Amino acid sequence: MKRNSLISNLQKKFAQRSWNDTLLLVQRCMDKSRDESKPCEPLIRSLERLQDVLHAPNTSVTRSRLEVIAKQQGMGFHFTEDTCYLTADLFYLEVLLLPCGGVQKVKVALHGEGPVPSESFLKTLRSKDFEAFSVMLKDLFTQYNIPGDSEMKLKLLESLRFLVRDLQKLSGEPENCDSQQQLLNNSRIGHLIAVKEDSPLMILFYESPNDGTTAPSVIQAAQVTVDASSVPHRLQMASVLPEPLQLDSQGCPVFAPLSEVPNETLPACFLLRLKPPVPMLTSFVEELSLITDVAVAQTDLQWAPLHRLLVAGSHRSSDLLTEKLLPDGEMHRYVFPGATWDVPGQKAALVEAVPFTHPAQVPALLQLLRHQCAVNTLLRSCSSPESAAGPGGASVCITGIWEMSSDVTGIPSESQLLEVRPESATSFSVTFTHPSVDSLCVLLVNVCSPQQITCRIFGVETPDASVEDHMKNFLSIPGTMKMLLSRLQSASPPTSADADKDPSALVEIAAEDPATVSQNAPLQEDSVSQTEINPSVNSYLCSAVGLCAQQAEL
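These numbers come from a predicted model, not from an experiment. (Residues numbered from 1 in each chain as written. Predicted model: local features only at pLDDT ≥ 70, side-chain atom pairs only at ≥ 80, totals over all residues. Heavy atoms only, no water.)

Caption draft 1: Inspection of the overall build of the protein chain at higher detail. Counting its regular elements, the protein chain contains 18 helices and 19 strands. A burial count over the protein chain gives 47% of its 554 residues as buried. At a minimum sequence separation of 6, the contacts of the protein chain that also span at least 24 residues come to 62%. (Helix = DSSP H or I, 4+ residues; strand = E, 2+ residues; numbered from the N terminus. Buried < 20%, exposed > 50% of the residue type's maximum accessible area, 1.4 Å probe, protein only. Contact = heavy atoms within 4.5 Å.)

Laid out in structure tokens, this is it:
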């Protein structure tokens, strides 16, 4: 309504003027901006609203819309009678317009090369999707927005081109990849979207599996580019992969040292711009720097506990309590005790770019990024981003799983309540109540690598292998817990007679009757080692009083 009123008022005010005259007046006002690199935002928004109403019915309006987009990206803009030029230092776009305002042809020209037709830009402009066109142009501008003077820009552009060629040589699809997900998650360098004149080089390196819910799979990508650096680095000025490609004993490509190929020391480095940014733990950020010997810039990073970054978009999730609605209507609620997550080892930040200096570093960087993405996918699976906000944001003091009932505000008794605690940077435990008996159990999850996830169950006798397979295939804590709880529901509850067969059952029985343990045989040596490896898990089972003792907010 406000927008319609604004257009109506403009029409009355300029009733004696044509729309073209009005647009030219707005353009002249914009040209008087004090900072040419930052046009007046209110004027830009006003012009965009005018163009939305007009739907680009003629050449003048289409030209004006392209000019606004070019200035937003920091690019130059020039035009002739029927052609618009959006210019940057190392490339330009040529847009040929029709008299009716439509787009006849779009060409892209890189520095030193002739213009090449661009079907992707042409299709986007013909559909009048100027927002998508702006995003595509921004990616292309970022790709070739190389710092330095003219000589430096050309050197870095040449180095970047050699890097891209080497990465394309590395991207041969591996065997035994039956799906896109396997290709992205298991291959040496993921899937490369080949660089073209109208699009940057993108590496697709991780895809989260479909966890069986309505949540869509998320594909993680990285744009390869170059940027300024406060510390000079040696960068390749030729290919570092010999022809033909040579492999070592482990099947990995052999790279030539930079000292054996043309190179230059320049105040810049290559970058993997992550799309979207990846929440990463401090330990992972430090490992990135160890691989590349280049520090990840931390001046703009805002640190917070990892789980808070992962559930920030969940409307019904607070810092300590998340919920997941399963397809069959079952609700899982996950408690993240603040005292266990607000520790230095769980401090994380959104990483937008990873610097590097050599193509040999890229496979190791991608593997480390996949490792963090796998951890993030598991923890993020505990929340439903599409959930509505809770009633009034009421606070609840959670004192223990066994005390939950419908009398506690906001926690209905028919929902499953589970507790998630970190055990290390890549492992965590999920504590839950046994569905058949009044006892607690713990599922210990360890993400050893993106391709290897181990699960150990304490307090109940059930095969670990089936749980591991489900967790690895779906990367979903709620899906795995639903399968596990269903299996325990249909199985017979453990008794003290099971202790001789499964030493972990003794721990569960101890929670109910500590005297029973002293009457049984000593624990086997294997079970003692398990307790030593995971002492905190054992403490949950033997002392149920402390479970979920932290306060959580709905």
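Caption draft 2: Structural context of the pattern of salt bridges. All told, the structure shown has 14 salt bridges when counted by the stated rule. The shortest N-O distance in the salt bridge between D166 and K169 comes to 3.9 Å. A residue pair is termed a helical-turn pair when its members lie 3 or 4 positions apart in one helix, as D166 and K169 do in helix α7 (residues 150-170) at three residues. D166 gets classed as buried once you look at its relative accessible area, which sits at 0%. When the shortest N-O distance is used, the salt bridge between E243 and K169 registers 3.0 Å. Highlighted residues: E243 in the loop between β8 (219-236) and β9 (263-281) and K169 in helix α7, separated in sequence by 74 residues. With relative accessibility at 62%, the residue E243 sits in the exposed group. (Salt bridge = Lys/Arg side-chain N within 4 Å of Asp/Glu carboxyl O.)

Caption draft 3: Inspection of empty space enclosed by the protein at higher detail. The final tally for this structure, using the stated rule, is one cavity of 30 Å³ or more. Each pocket or cavity is described by its volume, and for the largest cavity that value is around 40 Å³. Of all elements in the fold, only α12 (362-380), β15 (416-424) and β16 (427-433) reach the threshold of two or more residues within the lining of the largest cavity. Residue composition of the lining of the largest cavity, by class: seven nonpolar, three polar and no charged. (1 Å grid on protein atoms, 1.4 Å probe; cavity = no way out; pocket = protein on both sides within 12 Å on 5 of 7 lines; lining within 4 Å. Points joined across faces, edges and corners; volume = space filled by probe spheres on them. Nonpolar A, V, L, I, M, F, W, Y, C, P; charged D, E, K, R; others polar.)

Caption draft 4: Seen up close, the environment of V351. Along the chain, the position of V351 falls in strand β13 (residues 347-356). Spatially, the C-alpha atom of V351 lies 9.5 Å from that of Q302, the residues being 49 residues apart in sequence. Those residues within four positions of V351 in sequence are excluded, and the remaining contacts are L274, P277, V278, M280, V285 and V296.

Caption draft 5: Region of the structure containing the sheet that holds β15. Pairing in this open sheet of six strands is mixed, and the strands run β11-β12-β15-β16-β17-β18 from one edge to the other. Unpaired on one side and paired on the other, β11 (321-325) and β18 (452-458) mark the two borders of the sheet. Sheet twist, expressed as the mean angle between neighbouring strand axes with direction ignored, is 25°. Two elements, β16 and strand β17 (residues 440-449), share seven bridges in a ladder whose sense is antiparallel. Looking at β17, one finds that S429 is bridged to L444. Where α12 meets the sheet, it contacts β15, β16, β17 and β18, and its direction lies at approximately 155° from that of β17. (Pairing = 2+ DSSP bridges. Axes fitted to C-alpha atoms, helices over the stretch in contact; angles between N-to-C directions.)

Caption draft 6: Spotlight on the pairing of β17. Most of β17 is tucked away: eight of the ten residues are buried. Linking β16 back to β17 in an antiparallel pair, the connection comprises six residues. Where β17 lies against β18, seven bridges are found, and the strand directions are antiparallel. Bridge assignment links L443 to a residue of β18, and that residue is I457.

Caption draft 7: Focus on the layout of surface pockets. Approximately 670 Å³ is the volume found for the largest pocket. Lining of the largest pocket is provided by 26 residues; of these, L271, V296, A297, D300 and A353 occupy positions nearest its centre. Residue assignment for the lining of the largest pocket shows that the elements contributing at least two residues are β8, β9 and β13. Tallied by class, residues from the lining of the largest pocket come to 17 nonpolar, five polar and four charged.

Caption draft 8: Fine view of the side chain of H358. Structurally, H358 can be placed in the loop between β13 and α12. Looking at H358, the relative accessible area reads 11%, which means it is buried. A distance of 3.0 Å separates a polar atom in the side chain of H358 from the backbone nitrogen of A360. Once you skip the residues sitting within four places of it in the chain, H358 turns out to touch V240, F255, A256, L258 and F270. (Polar contact = N/O pair within 3.5 Å; in protein donor to acceptor, adjacent residues only side chain to side chain.)

Caption draft 9: A look at α7. Here α7 spans 31 Å end to end across 21 residues, near enough to the 30 Å set by a 1.5 Å rise per residue. Every buried residue belonging to α7 is among M152, K153, L156, L157, S159, L160, F162, L163, V164, D166, L167 and L170, and all of these are buried. (Expected span 1.5 Å × (residues − 1).)

Caption draft 10: Up close: the packing of aromatic side chains. A full pass over the atoms with the stated rule returns six aromatic pairs. Their ring planes at 70° and their centres at 5.4 Å tell us that F121 and F133 sit as a pair that is edge-to-face. Of the two residues, F121 sits in helix α5 (residues 119-126) while F133 sits in helix α6 (residues 130-144), which places them twelve residues apart along the sequence. Between the aromatic rings of F270 and F356, the centroid separation amounts to 5.6 Å while the plane-to-plane angle is 45°, which identifies the pairing as tilted. (Phe/Tyr/Trp six-rings, centres within 6.5 Å; stacked < 30°, edge-to-face > 60°.)

Caption draft 11: The packing of helix α13 (residues 464-474) against helix α14 (residues 477-490), seen in detail. Here α13 crosses α14 at 155°, and the two axes come no closer than 9 Å. It follows from the interaxial angle that α13 and α14 lie roughly antiparallel. Crossing geometry of α13 relative to α14 is assigned as right-handed. Residues S466, V467, H470 and M471 of α13 form the contact with α14, whose participating residues are I477, G479, T480, M483, L484 and R487. A breakdown of the residues in the contact of α13 with α14 according to their chemical character gives five nonpolar, four polar and one charged. (Parallel < 35°, antiparallel > 145°, perpendicular 65-115°, else oblique. Left-handed = near helix turned anticlockwise from the far one by under 90°.)

Caption draft 12: Broad picture of the nonpolar core. Of all hydrophobic cores here, the largest spans 99 residues; its most connected members are L93, L167 and L443. Per-element accounting of this core gives the leading share, ten residues, to α12. Both domain 1 (59-144) and domain 2 (150-382) contribute no fewer than three residues apiece to this core. What L443 contacts, discounting residues up to four positions off in sequence, is F428, S429, V430, F432, C455, R456, I457, V467, M471 and M481. Membership of the second largest hydrophobic core comes to six residues, among which are L23, V26, I44 and L47. (Core = buried A, V, L, I, M, F, W, Y, C linked by side-chain atoms within 4.5 Å. Domains from an automatic or database assignment.)

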